[in-house]
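# Close look at the chain arrangement
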Amino acid sequence: MFERLSEFVNRHEELSLLINDPDIIADQGKWRALMKEYSDITPIAEKYTEYKNTKKNIEEAIEMLEEKPDEELKSLLKDELTENRERLAEIEEELKMLLIPKDPNDDKNVIMEIRGGAGGDEAALFAGSLFRMYNKYAERNGWKVELMSASESDLGGFKEVCFMITGRGAYSRLKYESGVHRVQRVPETESGGRIHTSTVTVAVLPEADEVDVQIDMNDVRIDVFRASGNGGQCVNTTDSAVRVTHIPTGIVVSCQDEKSQLKNKNKALKVLYARLYDMELKKHNEEIAGERKAQVGTGNRNERIRTYNFPQGRVTDHRVNLTLYKIDNIMEGELDEIIDALTAAERAERLSEKP
């Protein structure tokens, strides 16, 4: 481990010179790539420097104790030695965490898809509640939310809704939300006060582009049609809605939320790129599952990951057996406690699997 850490420190020093080189600054593409690498390894280099300084403090305290100081100084040195030894152990664990390979998608924007599952109108209403929850969470993090497409239900909420969240680290936080979300509550339409159980599926896709996924546009069929539902004066009057079909995979994406046909087409293609990239990611993860299976992070979409029980005021994440009795706060976008627990569990699992 320490040999790798020395390499990181040397590379960090090298990068600090390169990113200030006028010739490299003139090449913005290269400069941005080096800046990203520099930013990624800076926490490791700084933590290793702290490790070496702490170790040096321990060695100096031991040397001073060997000189048989007076009792007062001896007591202070022993306390310092104990404190630094405890801190050194903590730093070692932190360094191990930092050396776990980072998910290359963590800094990407995300496209989220929420669909009502079992439960009919109540599932659609809860899909709307989750959409609002993620909007609130994005707002708390200073991220931007852009609606891609939506199909509203008769009683409110969504049969399905697709939206993009733009912001640094969005995928690193929201990737844990993929899966089946179960809700237990008394529907507004239930006169007898009975608790109903409904489900909603959430898919979290890292944003992809032409660099991540190659699409032959000859394999894509684009149809235009007249939009329906809410959307302003252009709805039902112009062929602004767009349906994109990827013939090899059968993936179909429709978008009609913009008045502009071009904007709808661009949004639909963005979703198509993300879905195809997600397919490749899942294929890759299945291939390496025998070697490493840290599945706590992004579960299958048919896996029940969380239950929201409104009568009891609790939310339970089944992957880490975490139950919080603060459902109102969570529905207002206070998701960090859950996401932090999932992040810690995934890191611990991956750390235990490293050779």
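Every residue gets a number counted from 1 within its own chain, in the order that chain's sequence is written. Given that the model is predicted, a residue must reach a pLDDT of at least 70 before its local features are reported, and side-chain atom pairs must reach 80 or more before they are shown or counted; all residues, however, enter totals for whole chains, interfaces and linings. Based on all heavy atoms of the structure, the side-chain values leave hydrogens and waters out of the count.

## Quick notes on the sheet that holds strand β8 (residues 251-255)
For clarity, the cut-off: One bridge is not enough; two strands pair if DSSP finds at least two bridges between them. Only runs of H or I of at least four residues qualify as helices and only runs of E of at least two qualify as strands under DSSP, and these elements are numbered from the N terminus. Comment: axis = line fitted to C-alpha atoms, over the contacting stretch for helices; angle = value between 0 and 180 degrees taken between N-to-C directions.
Spatially, β6-β7-β8 is the arrangement adopted by the three strands of the open sheet, whose pairing is antiparallel. On the outer flanks of this sheet lie β6 (220-225) and β8, each paired with one strand and no other. Averaged over all pairs of adjacent strands, the angle between strand axes in this sheet comes to 15°, irrespective of strand direction. Looking at chain direction, strand β7 (residues 241-246) and β8 are connected through five bridges and run antiparallel. By the bridge assignment, H246 is partnered in β8 with I251.

## Overview of the pairing of strand β9 (residues 304-309)
This is how it is decided: Only protein chains enter the accessibility calculation, which uses a 1.4 Å probe. A residue is then buried if its area is under 20% of the maximum for its type, exposed if over 50%, and partly exposed in between.
Most of β9 is tucked away, with five of its six residues classed as buried. In terms of strand pairing, strand β4 (residues 179-185) meets β9 through five bridges, oriented parallel. Pairing of V180 across the sheet is with R304, part of β9. Pairing of β9 with strand β10 (residues 314-317), which is carried by four bridges, proceeds in the antiparallel orientation. Bridge pairing in β10 links R306 to D317. Hairpin connection between β9 and β10: a loop of four residues separates the two successive antiparallel strands, and G313 in this loop has a positive phi of roughly 65°.

## Points about a negative patch on the surface
What counts here: Like charges within 9 Å and nonpolar side chains (Val, Leu, Ile, Met, Phe, Trp, Tyr) within 5 Å are joined into patches, using only residues over 30% in relative accessible area that form no salt bridge. Note on areas: Shrake-Rupley with a 1.4 Å probe; residue coverage comes only from the protein chains shown. The salt bridge criterion pairs a side-chain nitrogen of Lys or Arg with a carboxyl oxygen of Asp or Glu, the two atoms within 4 Å. Charge counting follows a simple rule: Lys and Arg are positive, Asp and Glu are negative, and His as well as the terminal groups are ignored. Just so you know, the charge point we use is NZ for Lys, CZ for Arg, CG for Asp and CD for Glu.
Taken together, the side chains of E59, E60, E63, E66, E67, D79, E80, E83 and E86 make up a negatively charged region of the molecular surface. Looking at the secondary structure, you find E60 in helix α3 (residues 28-66). A relative accessible area of 36% means that E60 is categorised as partly exposed.

## So, the sheet that holds strand β2 (residues 144-152)
Ordered by their spatial adjacency, eight strands build an open sheet running β2-β3-β1-β5-β4-β9-β10-β11, and the pairing between neighbours is mixed. In this open sheet, the two strands that pair with only one neighbour each are β2 and β11 (322-324). Each strand of the sheet is rotated relative to its neighbour by a mean of 15°, with strand direction disregarded. Bridge analysis of strand β1 (residues 110-116) against strand β3 (residues 158-166) gives six bridges, and the strand direction is antiparallel. Pairing of M112 across the sheet is with F163, part of β3.

## Focus on the side chain of R275
Mapped onto the elements of the fold, R275 is located in helix α7 (residues 261-288). Looking at R275, the relative accessible area reads 18%, which means it is buried.

## As for unusual backbone geometry
Within the chain, K68 stands out as a residue other than glycine whose phi angle is a positive 55°. Within the element layout of this structure, K68 appears in the loop between α3 and α4 (71-99). Positive phi, normally seen in glycine, also occurs at N321, with a value near 50°. Looking at where N321 falls in the secondary structure, it is placed in the loop between β10 and β11. What makes N321 exposed here is its relative accessible area of 69%.

## Examining the pattern of salt bridges
Counted under the stated rule, the structure contains 27 salt bridges. The partner of R185 in a salt bridge is E122, and the shortest N-O contact between them spans 2.5 Å. Of this pair, R185 sits in strand β4 while E122 sits in helix α5 (residues 121-140); the two residues are 63 residues apart in sequence, bridging distant segments of the chain. Accessibility classification places R185 together with E122 in one group, the buried group.

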